[in-house]
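Architecture at a glance
If you want the building blocks of each chain, they are given just below.
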Amino acid sequence: QGAVDFVRGRNATLLHMGLGVGKSRVAIVCAEEMGESGANRVLILAPLSVVPAWEKQFQEYATREWEVCLLNKGGVSRKAKLAKDAMKRATAFARPVVVVVNYESARGPAFAALAMNGGWDLLVCDEIHKLKSPTGTTSRWVSRLAKTIKKRLGLTGTPMPHSQMDIYGIFRTLDPTIFGWS
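About the cut-offs
- Residues numbered from 1 in each chain as written.
- Predicted model: local features only at pLDDT ≥ 70, side-chain atom pairs only at ≥ 80, totals over all residues.
- Heavy atoms only, no water.
- Buried < 20%, exposed > 50% of the residue type's maximum accessible area, 1.4 Å probe, protein only.
- Helix = DSSP H or I, 4+ residues; strand = E, 2+ residues; numbered from the N terminus.
- Pairing = 2+ DSSP bridges.
- Contact = heavy atoms within 4.5 Å.
- Disulfide = S-S within 2.5 Å.
- Salt bridge = Lys/Arg side-chain N within 4 Å of Asp/Glu carboxyl O.
- Axes fitted to C-alpha atoms, helices over the stretch in contact; angles between N-to-C directions.

**Description of the pairing of strand β2 (residues 41-46)**
With 5 of 6 residues buried, β2 is to be regarded as a mostly interior element. As defined by bridge partners, β2 adjoins strand β4 (residues 97-102) across 6 bridges and the pair is classed as parallel. The residue bridging I44 from the neighbouring strand is V100, located in β4. Where β2 lies against strand β5 (residues 122-126), 4 bridges are found, and the strand directions are parallel.

**Quick notes on helix α2 (residues 23-33)**
With 8 of 11 residues buried, α2 lies mostly within the body of the structure. Taken together, the buried residues of α2 touch α1 (2-7), β1 (12-16), β2, α3 (53-61), β5 and β6 (151-156).

**Quick word on the environment of I44**
With respect to the helices, strands and loops of the structure, I44 is situated in strand β2. What makes I44 buried here is its relative accessible area of 1%. As a C-alpha pair, I44 and L153 span 109 residues in sequence and 9.4 Å in three-dimensional space. Discounting residues that sit within four places of it in the chain, I44 has contacts with W54, F58, V98, V99, V100, V101 and V124.

**A few points about the state of the cysteines**
Going through the model one piece at a time under the given rule, you end up with 0 disulfides. C30 carries a free sulfur, and the closest cysteine sulfur to it, the one in C125, is 14 Å from it. Judged by relative accessible area, C30 falls into the buried class, the value being 6%.

**A look at the pattern of salt bridges**
Counting across every chain of the model gives 6 salt bridges. A salt bridge links R95 to E67, with the shortest nitrogen-to-oxygen separation between them at 2.7 Å. On the criterion of sequence distance, the pair formed by R95 in the loop between α4 (76-92) and β4 and E67 in strand β3 (residues 67-71) is long-range, its members being 28 residues apart. Exposure remark for E67: the relative accessible area of 9% places this residue in the buried category. Overlapping salt bridges, with partners in common, bring together E65, E67, R89 and R95 in one network.

**Considering the sheet that holds β3**
Read from one edge to the other, the open sheet built from 6 strands follows the order β1-β6-β5-β2-β4-β3, with strand pairing classed as parallel. What marks the edges here is a single partner per strand, and that holds for β1 and β3. With strand direction ignored, the average angle separating the axes of adjacent strands in the sheet is 15°. Taken together, the 5 bridges between β3 and β4 define a ladder with parallel strand orientation. Counterpart to E67 in the pairing with β4 is V97. Each of β1, β5 and β6 is contacted by helix α8 (residues 166-174), which is oriented at about 140° to β1, the strand it contacts most.

What follows is the structure, encoded as structure tokens:
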């Protein structure tokens with residue numbers, strides 16, 4: 001509950017919590033609490049190996065009926081089509097949608113256009129330390145995407161795996177006013 005209280009009311013938050021202590025649960029609870037009726041569109045970026053884990057997390061912790069779209073198989077064009085279809089279904093059935101995709105696919109041209117114009121309420125960057133490289137293509141792209149989404153949440157157990165410099169790329173995505181853009 002303390003982590004949920006910490007996130008509540010902030011537009012950008014980094015949760016540095018260890019393995020298995022509830023980062024995903026906090027993200028789901030926060031998504032459901034946003035605004036009067038909760039978030040309607042959530043984009044979760046994660047390493048490819050982590051994408052499937054989110055289905056179980058939503059089954060276990062969500063109290064709303066979500067359209068959960070896990071994009072861990074196929075090419076980027078197929079993933080973009082599946083995400084669009086899930087968003088249409090969610091709208092048709094008046095339920096929220098969560099799209100979970102790996103970082104590299106998200107920045108692929110076919111998916112990037114959808115991501116940039118998806119009308120997302122919340123961006124969750126799972127294992128956000130993957131964005132630590134300030135010159136990395138994925139890190140730079142996600143920081144541009146984050147500017148289009150009002151609420152951003154970063155989840156990691158290792159925010160600075162190599163040095164204090166690792167934190168710059170992370171905060172450029174979450175809140176660039178802290179360290180700036182360069």
